[in-house]
Amino acid sequence: MSLVVSRCICGLLCRQAVPPRLLLGEYFPGVQSPWFSPVVTLKTSAPLRAEPKKKNKVDPRREQMMKERLKKKLKKLERVPPELIPIEDFITPTKCLDETRKRIPPRLSFEESESRALLLKEWSRYKQKQQMAEVEAIEVALEAQREALEELKLESKELYQAALKPDPLLFPFTHEGPAYTPPIPNYEAPDGKYNDVTKVYTQ
Amino acid sequence: MVSRSFPQLLTCFNRTAVGSAGCRRFSITPPGRATPQSSTAVERVTSPWTLMAAVCLQRLPVITADCSPIEQRFKQMMQQMELEKSLLSDHELRLMEDAERMSRKQGNEYDSDEEEGHGDQEIMLAQDLEDTWEQRFKSFQPAPRVRADLDKDLTSVQRCLADSLVLLAEQQVGAEKLWLLPQAAWQEGETLRQTAERALCSVTAAGFKATFLGNAPCGVYKYKLPKAARTESSVGTKVFFFKAILADSAPGTAPNTALLWVKKSELQKYLKPAYMMKVDRFILSL
């Protein structure tokens, strides 16, 4: 530090004074001659300058070893596996565990609970019939298609091969499903405002 | 297969020809290629059936069907049960808090300074919010689900929005005009699916946008000509049906022939019994 200070001061003095060499001798430190020691500079010596102690040859190697060890430790710490992105659906929010949110469970009469149980059984029977009907209808349709392909095979091999080929343009196939009310012709839906607060995780 | 072995034989012949010097290289059109064509030509000539392709164009339901009585009862019961098992929502909690605050305000010992800071909630009560939502819902007029006049019009594609409809066309078959799925005769050089697409275009004058579901036919109807009309070359017709789904219901230009949109239950009135039996199998009215 003191070296730097002395250098700065020297620099300043050199810049400020423009010495004519002939007139003034020793007072101007711009003159660089070994006989004229610059008086204005600070007298600095080794202890004053507080030089770092000179090192032995063993020390650089020791220093290197220490540095390597530190680097290895840092690398080990950095090798942490990336944090798993939490699945929001599997974490029960604390709002749901709030005691104040519980409803008073109503007391059902015997008839009510009986009717509910009977309705559930009726519903399962209805759904089973529906499912069997669907499966049968699909089987009948598949059988019809199989017959059609057999007839086509009897007719001509080329047409049969052409019929077996998959259609690459069919997928992706989209169709708007049924809604509760039919679409209003030439209806412009109003734009809705919303704040998207979904959390985006990056790994 | 015989046709495959012929080129192989020829290749080994060619190799031997190259090996022995002084042999003339002669080009042979491998007879293997000629035989399949002739065989199919022979097949087509001998096959006495004329091929036709028909399209089963379906307009899928636009609105949900009405619930049957058991479905309605079950729906109500499930809603009740789910409400009983659920927790109070934010809106319900707010309603309860507001009601409490109102009752406290009306009480004698009410100190507004002791209230916690719920500035917005005091200005706009949850009940008011509900009322505004109700107002906005009432101001929206949805289109009517059922229109009796359209339901009776068999030619309109907007009839019976809750069911899937099939397109029928009146076409000349032999001597008489029959109601059937639009069909066209197969021509050389096209696949049956292309024939079906041509049938649709010719009947509707390119008005409908349809997505054909795959290259394979979904059903077949064989029709043998009456014995008097049968000859060596034509015993009857085979009609292959292809399924398609109507994408756009804009009619565009007027159709050439009379068209009908019918539900599966109404098909019996228009189709011949034997035809109906075959067509009934692949039209699903689930």
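Residues numbered from 1 in each chain as written. Chains lettered and ligands numbered in written order. Predicted model: local features only at pLDDT ≥ 70, side-chain atom pairs only at ≥ 80, totals over all residues. Heavy atoms only, no water.

Taking an unreviewed UniProt entry as the reference, chain B is identified by name as Large ribosomal subunit protein mL46 belonging to Ameca splendens. Quoted verbatim from the Sequence similarities (unreviewed entry) field of the UniProt record, the comment on chain B reads "Belongs to the mitochondrion-specific ribosomal protein mL46 family." According to its UniProt record, chain B has this under Subcellular location (unreviewed entry): "Mitochondrion". (UniProt positions renumbered as here; feature names shortened; annotations may be inferred.)

As named in an unreviewed UniProt entry, chain A is Large ribosomal subunit protein mL40, taken from Ameca splendens. According to the UniProt record, the Subcellular location (unreviewed entry) comment for chain A reads "Mitochondrion". Its UniProt record gives chain A the following Sequence similarities (unreviewed entry) comment, quoted word for word: "Belongs to the mitochondrion-specific ribosomal protein mL40 family."

Enquirer: Would you take a moment to explain the interface of chain B and chain A for this structure?
Expert: Many authors give the size of an interface as the accessible area that is lost as the parts come together. Contacts between chain B and chain A engage 60 residues on the former and 50 residues on the latter. When chain B packs against chain A, close to 4900 Å² is buried across both sides, 62% of that on carbon and sulfur atoms. At the junction of chain B and chain A, the tally comes to 11 salt bridges. In this structure, the salt-bridge partner of Arg101(A) is Asp90(B), at a minimum N-O distance of 2.5 Å. (Contact = heavy atoms within 4.5 Å. Buried area = accessible area lost by both parts, 1.4 Å probe. Salt bridge = Lys/Arg side-chain N within 4 Å of Asp/Glu carboxyl O.)

Enquirer: Help me understand the packing of helix 4 (residues 110-155) of chain A against helix 5 (residues 157-164) of chain A, please; the structure alone is not making it clear to me.
Expert: Two quantities define a packed helix pair, namely the angle between the helix axes and the distance between the axes. All names here are of chain A. Look at helix 4 against helix 5: their axes get within 6 Å of each other, and the N-to-C directions meet at 145 degrees. Contacts from Leu149, Leu152 and Lys153 in helix 4 reach Lys157, Leu159, Tyr160, Ala163 and Leu164 in helix 5. The residue inventory of the contact of helix 4 with helix 5, partitioned by class, reads six nonpolar, no polar and two charged. (Axes fitted to C-alpha atoms, helices over the stretch in contact; angles between N-to-C directions. Helix = DSSP H or I, 4+ residues; strand = E, 2+ residues; numbered from the N terminus. Nonpolar A, V, L, I, M, F, W, Y, C, P; charged D, E, K, R; others polar.)

Enquirer: How should the nonpolar core be read in this particular structure?
Expert: In summary, soluble globular proteins display a tendency toward joint burial of nonpolar side chains. Core analysis: the biggest nonpolar cluster contains 30 residues, and Leu152(A), Leu57(B), Leu192(B), Phe212(B), Phe240(B), Phe242(B) and Trp261(B) have the highest contact counts within it. By size, the runner-up hydrophobic cluster in this structure holds 21 residues, among which are Val166(B), Leu180(B), Val239(B) and Val279(B). (Core = buried A, V, L, I, M, F, W, Y, C linked by side-chain atoms within 4.5 Å. Buried < 20%, exposed > 50% of the residue type's maximum accessible area, 1.4 Å probe, protein only.)

Enquirer: Which parts of the structure should I look at to understand helix 4 (residues 90-106) of chain B?
Expert: Residue and element names in this part refer to chain B. Its 17 residues give helix 4 an end-to-end C-alpha distance of 24 Å, which sits within 8% of 24 Å, the value for a rise of 1.5 Å per residue. Restricting attention to buried positions, one finds in helix 4 the residues Leu93, Arg94, Asp98 and Arg101. Seen along its axis, helix 4 keeps its buried residues to an arc of 135 degrees; they face one direction. (Expected span 1.5 Å × (residues − 1). Arc of directions from axis to C-beta.)

Enquirer: I tried to follow a nonpolar patch on the surface on my own but got confused; where do I start?
Expert: On the surface, a cluster of nonpolar side chains totalling about 350 Å² of accessible area is made up of Ile87(A), Phe90(A) and Ile91(A). Relative to the assigned elements, Ile91(A) resides in the loop between helix 3 (58-78) and helix 4. (Patch = residues over 30% accessible without salt bridge, like charges linked within 9 Å, V, L, I, M, F, W, Y side chains within 5 Å. Areas by Shrake-Rupley, 256 points an atom, 1.4 Å probe, with all protein chains shown as cover.)

Enquirer: Would you take a moment to explain the packing of helix 4 of chain A against helix 3 (residues 69-85) of chain B for this structure?
Expert: It is the contact of helix 4 of chain A with helix 3 of chain B, at a shortest axis distance of 10 Å, that shows an interaxial angle of 130 degrees. Viewed along their axes, helix 4 of chain A and helix 3 of chain B adopt a mutual orientation that is oblique. In this structure, the crossing between helix 4 of chain A and helix 3 of chain B has a hand that is left-handed. Contacts between helix 4 of chain A and helix 3 of chain B involve Arg116(A), Leu119(A), Leu120(A), Glu122(A), Trp123(A), Tyr126(A) and Gln130(A) on the former and, on the latter, Ile70(B), Glu71(B), Arg73(B), Phe74(B), Met77(B), Gln80(B), Met81(B) and Glu84(B). Residue composition of the contact of helix 4 of chain A with helix 3 of chain B, by class: eight nonpolar, two polar and five charged. (Parallel < 35°, antiparallel > 145°, perpendicular 65-115°, else oblique. Left-handed = near helix turned anticlockwise from the far one by under 90°.)

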